[in-house]
Amino acid sequence: MTEPNHKVRPMENDSPALPKRTLTDLMFIFFLRLVAITCFWFGLQYWGMLVGYSLFGSGRFDLLSLPWKVAATTLAVVFPVACISTCKPVSWGPVVWVLAAGLQVLMHGFLPETFGSNHLIVITHVLVAAMYLAFRVALWFERRRQRRQVSVDLP
């Protein structure tokens, strides 16, 4: 007597390995992607200025004053790094963005006699920082609420 040919299938997962993302999580990731796009744009602006592509060539590196050379080259490197690090939500991403945004706020908010006054950039960076903090507080409350919920894994 021969036994029937039964294939043994592995047991299927009945629950996902990762928890389902909440609306706040998804909105926060979307917000970080928008910040990444603006960082990319700022990086392109600084590179365009330094190589003479924008400002009719008057912002080329060899024509800039020393403070502008230091600030523009730093931001031309830091903004693309901030773009990459905020696009992939890693823990050090916002830190790099804070460095770049802080330097721009310092340039245009506290040293306008050297770099010129640009209130729009200062206000925008302050608003983005406030939105980031609001998201972090909302996510903290959400995770705290989830930890307090009791889950029973019994059948």
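Preceding block: the structure.
Residues numbered from 1 in each chain as written. Predicted model: local features only at pLDDT ≥ 70, side-chain atom pairs only at ≥ 80, totals over all residues. Heavy atoms only, no water.

**Thoughts on the overall build of the protein**
For clarity, the threshold we go by: For the purposes of this entry, the term helix denotes a DSSP run of H or I that reaches at least four residues, the term strand denotes a run of E that reaches at least two, and both are numbered from the N terminus. A simple rule labels every residue: compare its accessible area, found with a 1.4 Å probe on the protein chains alone, to the largest value its type can have, and call it buried under 20%, exposed over 50%, or partly exposed in between. Only heavy atoms matter for contacts: two residues are in contact if any of them lie within 4.5 Å across the pair. Surface exposure here means Shrake-Rupley accessible area, sampled with a 1.4 Å probe, where a residue is shielded only by the protein chains that are shown.
Helices and strands together make up the secondary structure of the protein, namely five helices and zero strands. Across the 155 residues in the protein, those meeting the buried criterion constitute 30%. Pairs at least 24 residues apart make up 59% of the contacts formed inside the protein by residues separated by at least 6 positions. For the protein, the accessible area works out to roughly 11,800 Å², and carbon and sulfur atoms hold 69% of it.

**Section: the packing of helix α1 (residues 23-50) against helix α5 (residues 119-148)**
Between two packed helices, what matters for the description is the angle formed by their axes and the separation of those axes. Just so we agree on the cut-off: Axes, fitted as lines to C-alpha atoms, cover a helix only where it is in contact. Angles between the N-to-C directions of the axes lie from 0 to 180 degrees. These descriptions rest on fixed angle ranges, namely under 35 degrees for roughly parallel, over 145 for roughly antiparallel, 65 to 115 for roughly perpendicular, and the rest for oblique. The handedness criterion is simple: a crossing whose near helix is rotated anticlockwise from the far helix by less than a right angle is left-handed, and one whose near helix is rotated clockwise is right-handed. Residue classes follow a fixed rule: Ala, Val, Leu, Ile, Met, Phe, Trp, Tyr, Cys and Pro count as nonpolar, while Asp, Glu, Lys and Arg count as charged, and any other residue, Gly among them, counts as polar.
Here α1 crosses α5 at 155°, and the two axes come no closer than 10 Å. Here α1 is positioned roughly antiparallel relative to α5, judged by the angle of their axes. Between α1 and α5 lies a crossing of left-handed hand. Judged by residue contacts, T24, D25, M27, F28, F31, L32, V35 and F42 of α1 engage I121, H125, V128, M131, Y132, F135, R136, A138, L139, E142 and R143 from α5. Considered class by class, the residues forming the contact of α1 with α5 number 13 nonpolar, two polar and four charged.

**A short note on the pattern of salt bridges**
Put simply, the rule is: What makes a salt bridge here is a side-chain nitrogen of Lys or Arg within 4 Å of a carboxyl oxygen of Asp or Glu, nothing more.
Under the counting rule described, the total for this entry stands at two salt bridges. Residue R143 pairs with D25 through a salt bridge whose shortest N-O separation is 3.1 Å. Of this pair, R143 sits in helix α5 while D25 is found in helix α1, placing the two residues 118 residues apart along the sequence. Between R60 and D62 there is a salt bridge; the shortest N-O distance is 2.8 Å.

**Observations regarding the nonpolar core**
As a rule of thumb, nonpolar side chains are buried together in soluble globular proteins. Inclusion rule: Side-chain atoms within 4.5 Å link the members of a nonpolar core, which is a set of buried Ala, Val, Leu, Ile, Met, Phe, Trp, Tyr and Cys residues.
Grouped together as the largest cluster of nonpolar side chains are 29 residues, with contacts concentrated most on Y46 and W68. Secondary structure elements with two or more residues in this core: α1, α2 (66-87), α3 (93-110) and α5. Broken down by element, the residue count for this core peaks at 10 residues, all from α1. If we ignore the near neighbours within four places in the chain, the residues touching Y46 are W68, A72, L75, A76, F79, Q104, M107 and H108.

**With respect to the layout of surface pockets**
Empty space left among the atoms is revealed by rolling a probe the size of a water molecule over them. Basically, it comes down to this: Every definition here rests on a 1 Å grid over the protein atoms only: cavities are sets of points where a 1.4 Å probe fits but cannot get out, pockets are open sets enclosed by protein on both sides within 12 Å along at least five of seven lines, and lining residues have some atom within 4 Å of a point. Grid points are joined across faces, edges and corners, and a volume is the space filled by probe spheres set on the points.
Roughly 350 Å³ of volume is contained in the second largest pocket. Around the second largest pocket sit 15 residues that line it, and F42, Q45, Y46, M49 and S54 are the ones nearest its centre. Across the lining of the second largest pocket, the residue classes tally to nine nonpolar, six polar and no charged.

**Description of the side chain of T24**
Selection criterion: Any N or O atom pair separated by 3.5 Å or less is treated as a polar contact, with the protein-specific requirement of one donor-capable and one acceptor-capable atom, and with residues adjacent in sequence counted only for side-chain atom pairs.
Looking at the secondary structure, you find T24 in helix α1. Side chain to side chain, T24 and E142 meet in a polar contact 3.0 Å long. Residues in contact with T24, not counting those within four places in the same chain, are F135, A138, L139 and E142.

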